[in-house]
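Descriptive analysis of the structure
Listed below, chain by chain, are the residues.
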Amino acid sequence: MLFFFGFALVIFSIIYGYVGSHGELMALWQPYEFLIILGSGIGAHIVGNTGHIHVATFKIMPQVMLGSKANKAMYMDVLSLIYDILDKSRKEGMMSIEADVENPQSSGVFSKYPAVQGNHALADFVADYFRLIAAGNMQSHELDALMDMEIDSRLHELMQPATAVQKLADAMPGFGIVAAVLGIVITMGALDGPMDEIGKHIAAALVGTFSGVLFGYGLFAPLASSMDHIAHDEIKLYESAKATIVASVNGLPPQLAVEFGRKVLFAHGRPSFSELESKVRGR
């Protein structure tokens, strides 16, 4: 709900401040200026980015409006899933998890955590490394380095929507100037007309500059910032999984391995020791 409150506050502050200063509200309604700025800006955004970035941008918008899915509950699910896999492999042997890691979408262990199972990239990340552990004799430092490379690539991928929208935000003031210049061109053609008409044309041109700055810093830049936070929150899921798996490869029991993963998390979303212990013990 902070999303809607924030944008409402931006609009209210500008409109109330303008009207309170005896401004003419309808003077700000310049649909053709908005068309020039938003149409050209979004068109440039489409040209400058690939199709999968557009898809990723639309997919992340619900999280921007309603909050990140990478919250405390999700962190606990990831750690609990890894605990279950480690516990099963410890009790029944590494071959017992082969069916689970070969196909996470049909795994009985993964199905207990639908939020993780529904995040295919994350589920595959966990499954892939347990598959490597089960299939080979990888040293912990080799596993650590390989995980770091994949996490770096995943962070870059998660950041692409935020980077693209931030570039759009940076371009908005420039497109506002384009709209303003076109408005001045119209004004120059109307210099022999009445003064009130010339004034309206100049006002429309200035609204173009105002709108470009407002769309850039009041709309698209906050969206990009929110996407950035969501990307970093999600990458913590991968880093937590990595810390837990590497700790287990180094010989720590599941109860201690998940504590390594818990410590990696941001403080604002990190479950307490007792919360996590209760979750995994309950399983």
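Shown above is the structure to which this text applies.
Residues numbered from 1 in each chain as written. Predicted model: local features only at pLDDT ≥ 70, side-chain atom pairs only at ≥ 80, totals over all residues. Heavy atoms only, no water.

Concerning the pattern of salt bridges
Once their charged atoms are close, side chains differing in charge can pair, the charge on each being opposite to the other. What counts is decided by this rule: Any carboxyl oxygen of Asp or Glu that lies within 4 Å of a side-chain nitrogen of Lys or Arg is treated as forming a salt bridge with it. In this text, helices come from DSSP runs of H or I with a minimum length of four residues, and strands from runs of E with a minimum of two, each type numbered from the N-terminal end.
Scanning the entire structure with this criterion turns up 14 salt bridges. Between Lys-279 and Asp-77 there is a salt bridge, and its shortest N-O distance comes to 3.1 Å. Here the residue Lys-279 occupies a position in helix α12 (residues 273-282), and Asp-77 occupies one in helix α4 (residues 72-92), the gap between them amounting to 202 residues. When the shortest N-O distance is used, the salt bridge between Asp-100 and Lys-88 registers 2.8 Å. Residue Asp-100 is located in helix α5 (residues 98-102), and its partner Lys-88 is located in helix α4; the two are separated by 12 residues in the primary sequence. Residues joined in a network through salt bridges with shared partners are Asp-87, Arg-90 and Lys-91.

Points about unusual backbone geometry
Negative phi values dominate among residues other than glycine, just as trans dominates among peptide bonds. Applied cut-off: Each residue is placed in one exposure class: buried if its accessible area under a 1.4 Å probe, protein chains only, is under 20% of its type's maximum, exposed if it is over 50%, and partly exposed if it falls in between.
Phi at His-22 takes a positive value of approximately 70 degrees, unusual for a residue other than glycine. With respect to the element layout, His-22 can be found in the loop between α1 (2-20) and α2 (31-48). The exposed category is assigned to His-22, whose relative accessible area is 77%.

So, the packing of aromatic side chains
Which entries qualify depends on this criterion: Any pair of Phe, Tyr and Trp rings, taking the six-membered ring for Trp, is counted once the centres come within 6.5 Å. Such a pair is stacked with planes under 30 degrees apart, edge-to-face with planes over 60 apart, and tilted for the rest.
Counted by the stated rule, this structure contains 7 aromatic pairs. Relative to Phe-7, the ring of Phe-3 lies with its centre 4.9 Å away and its plane at 80 degrees, an arrangement referred to as edge-to-face. Pair noted here: Phe-3 and Phe-7 are both in helix α1, with a separation of 4 residues, about one helical turn. An identical accessibility class is assigned to Phe-3 and Phe-7; each is buried. For the pair Phe-125 and Tyr-238, a centre-to-centre distance of 5.1 Å together with 75 degrees between the ring planes defines the contact as edge-to-face. Of this pair, Phe-125 sits in helix α8 (residues 120-135) while Tyr-238 is found in helix α10 (residues 195-249), placing the two residues 113 residues apart along the sequence. Just as Phe-125 is buried, Tyr-238 falls in that class too.

Section: the packing of α4 against α8
Counted only if it meets this: Orientation is described by axes fitted as lines to C-alpha atoms, over the contacting stretch for helices, and by angles from 0 to 180 degrees between their N-to-C directions. Here the word oblique covers every angle except those under 35 degrees (roughly parallel), over 145 (roughly antiparallel) and from 65 to 115 (roughly perpendicular). It is the rotation of the near helix from the far one that decides the hand of a crossing: anticlockwise by less than a right angle makes it left-handed, clockwise makes it right-handed. Working rule for contacts: check all heavy atoms of both residues, and any pair within 4.5 Å makes them a contact.
In contact at an axis separation of 12 Å, α4 and α8 are set at 25 degrees when each is read in the N-to-C sense. For the element pair α4 / α8, the angle class is roughly parallel. Considering only the axes of α4 and α8, their crossing is right-handed. Facing α4, whose interface residues are Met-74, Val-78, Leu-81, Ile-82, Ile-85 and Leu-86, α8 presents Leu-122, Val-126 and Phe-130.

Quick word on a nonpolar patch on the surface
Inclusion rule: Residues with no salt bridge and a relative accessible area higher than 30% make up the patches, which join like charges within 9 Å and nonpolar side chains (Val, Leu, Ile, Met, Phe, Trp, Tyr) within 5 Å. Here the open area of atoms and residues is found with the Shrake-Rupley method and a 1.4 Å probe, where only the protein chains shown may cover a residue.
Among the surface-exposed residues, Leu-2, Phe-5, Leu-9, Phe-12 and Tyr-16 lie close enough to one another that they form a single nonpolar patch of about 640 Å² accessible area. Within the element layout of this structure, Leu-9 appears in helix α1. For Leu-9, a relative accessible area of 43% corresponds to the partly exposed category.

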